[in-house]
Amino acid sequence: MQPLVIMKDVKKQFPGVTALDGISFDIMPGEVHVLLGENGAGKSTLMKILSGVHKPTDGQIIIGGSEFTALTPKDSRSCGISVIYQELSVINELSIQENLFVGNLPVKNIGPMKIVDYKKMREATQMLLGKVGLRKDPETAVEELSISEKQQVEIAKALAADSRILIMDEPTTSLTSSEVSHLFAVIRELKKEGHGIVFISHKLGEIMEIGDRVTVLKDGRYVGTKKISDVTQDDLVTMMVGRQISKNYQHPSADYSDAPVIFEVRNLSRKDGKVKNVSFKLRRGEILGFSGLVGSGRSEMMNSIFGAEPKACGEILIDGKEVRTSAPFYSIKSGLAMVTENRRETGFFHNFSIKKNISVLPFIKQSSFAGITGLVSDKNEDIWADEQKKNLNIKCYSTEQGITELSGGNQQKVILGKWLAADSQIIIFDEPTKGIDVGSKGEIYALMRRLADEGKGILVVSSELPELLAVCDTIAVFREGEIVAVFPHKEATEEKIIAASTAEKGEGNRP
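Rules of the game
Per chain, the residues get numbers from 1 upward, laid out in the order the sequence is written. Only residues with pLDDT of at least 70 are given local features in this predicted model, and only at 80 or more are side-chain atom pairs given and counted; all residues enter the totals for whole chains, interfaces and linings. Side-chain numbers come from the whole structure's heavy atoms, not from hydrogens or water. Among buried residues, the Ala, Val, Leu, Ile, Met, Phe, Trp, Tyr and Cys ones that are joined through side-chain atoms within 4.5 Å form a nonpolar core. Buried residues are those whose accessible area, probed at 1.4 Å on protein chains only, stays under 20% of the maximum for their type, while exposed residues exceed 50% and partly exposed ones sit between those limits. Throughout, a contact is declared for two residues whenever any of their heavy atoms are within 4.5 Å. Two strands are said to pair when DSSP picks up at least two bridges between them. Strands are runs of DSSP state E lasting at least two residues, helices are runs of H or I lasting at least four, and both sets are numbered from the N terminus onward. Interaxial angles span 0 to 180 degrees and are taken between N-to-C directions of axes, which are lines fitted to C-alpha atoms, for helices over the stretch in contact. One number per residue, pLDDT, summarises how confident the predictor is, and it ranges from 0 to 100.

Thoughts on the nonpolar core
Okay, step 1: Membership of the largest hydrophobic core comes to 72 residues, with the highest contact counts inside it found for F263, F280, F290, M301, I305 and L459.
Okay, step 2: Leave out the neighbours within four places in its chain, and L459 touches F263, F280, L282, L288, F290, M302, I426, I427, I428 and F429.

Focus: the sheet that holds strand β20 (residues 457–461)
Okay, step 1: In spatial order, the strands read β18-β19-β20-β15-β21-β22; together these six strands make up an open sheet with mixed pairing. For this open sheet the edge positions go to β18 (336–339) and β22 (482–488), each flanked by a neighbour on one side alone. Direction aside, neighbouring strands of the sheet carry axes that sit 20 degrees apart on average.
Okay, step 2: In this sheet, strand β21 (residues 474–479) lies alongside strand β15 (residues 287–291) in parallel orientation, the contact comprising four bridges. Across the sheet, S291 pairs through a bridge with V477, a residue of β21.

Details of the confidence of the model for the chain
Okay, step 1: Residues of the chain with pLDDT of at least 70 account for 91%, and the chain-wide mean is 85.
Okay, step 2: Segment residues 243–248 is flagged for pLDDT under 50; beyond a separation of four residues in sequence, or across chains, it makes seven contacts in the model.

Describing the pairing of strand β4 (residues 58–63)
Okay, step 1: Judged from the five bridges that link them, strand β1 (residues 5–14) and β4 form a sheet pairing that is antiparallel. The residue bridging V5 from the neighbouring strand is I63, located in β4.
Okay, step 2: Bridge count for β4 against strand β5 (residues 66–68) is three bridges, and the pairing is antiparallel. Paired with I63 across the two strands is S66, which belongs to β5.
Okay, step 3: Taken together, β4 and the strand that follows it, β5, pair antiparallel across an intervening segment of two residues, in which G64 is found at a positive phi of about 55 degrees.

Okay, here's the thing in structure tokens:
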């Protein structure tokens, strides 16, 4: 059986950085080939070369017997390659069928005129939706669909373009466990039809379940290719980081019950009912985590605390003094920070450099006059950026580098850096390691602990129970907009947290 794609000795250099150093990779019909590596290992760069976004510095690409030194996006599409990005590229304002055939609408002749053949488009859409298991009317607006349903539309769109190779970049990041199971069922059907799937993910459990082969990259270099059946999760971690690491970051249990309260929420509620009369306290040195099912109200509470979404009532206190948080501007001024769940949409400015992203908040906080007049100090920008680059170990060749050129873990550090540069005292982390590799997770956890030890207030929302158990001193459990249980670290277990999240009455101590 011949590979669908062969990439030989591919190299890619950016100014001052070797992103890929002689990578070889192939995709067989009917297989899921996992591409694995820490953030910055070169996975996305390799796939951007295959999809025509980047031109390789050197190397060879063979598709269907044809040899290329470089591909354009048009070449890639004509060779049957489609990419389903983590940030989905569907057009919300169009219907499902229009999304599937945008740029390639079926037409029919009416006399001398050509018009869109809606009947043919609808029939083709129904057939494609049947393949991916999406039971929706083809004329449904995409904006009405869930994230997982939009992802199914993306897969159907790839099939509409007769793609043989599908590149899936972190496809399960925003999906529930049941949605992941459905996606895997669709992938297995695509395998049966002879499609080749490149699956990029950091979730080792999912990789072991869906993958056939795995290729590991590290620092732009090829580490090795293995059959999934021949490796364990620990083997993969060792290949990724170049050494054995402990399965979870852990910290010693500590008692903060006598420490001073540095942050408090009293009787917080929202008009939409997503948060109901929530109260809690955060003590100096403590990391307070929030668990709960999707839709339980955790993130909604944090958005209201930060002023991104309105609250109906409630008080927010820092060091015993009530602060104004009716809008993010006032929250920032008061010393609140929020590292949001979706860093690419709400975490940073895509068209800004690392330096500009870090320095944007200190100007807002320190000088309203400078912000109004647009006065900027290049010297201060350089100082703030260089300080955070060193402080957070941001891996870049220059703070003038565009933030979109960084790995997910380093982007997260830049986001944190802007809040630290603004001297924020209370930092909210919403899904802090979403889409971040296992090695970088440990770095983020260590940063949280260091900040807490330095006196910063740390609040963590996470859907990953091992993460909360690893990093938090106290875990509060949300259910239907309320805190239903609170566990100190030494008493917390996954079983107790799940029981509190799902049972009629949660275990643990109410706050």
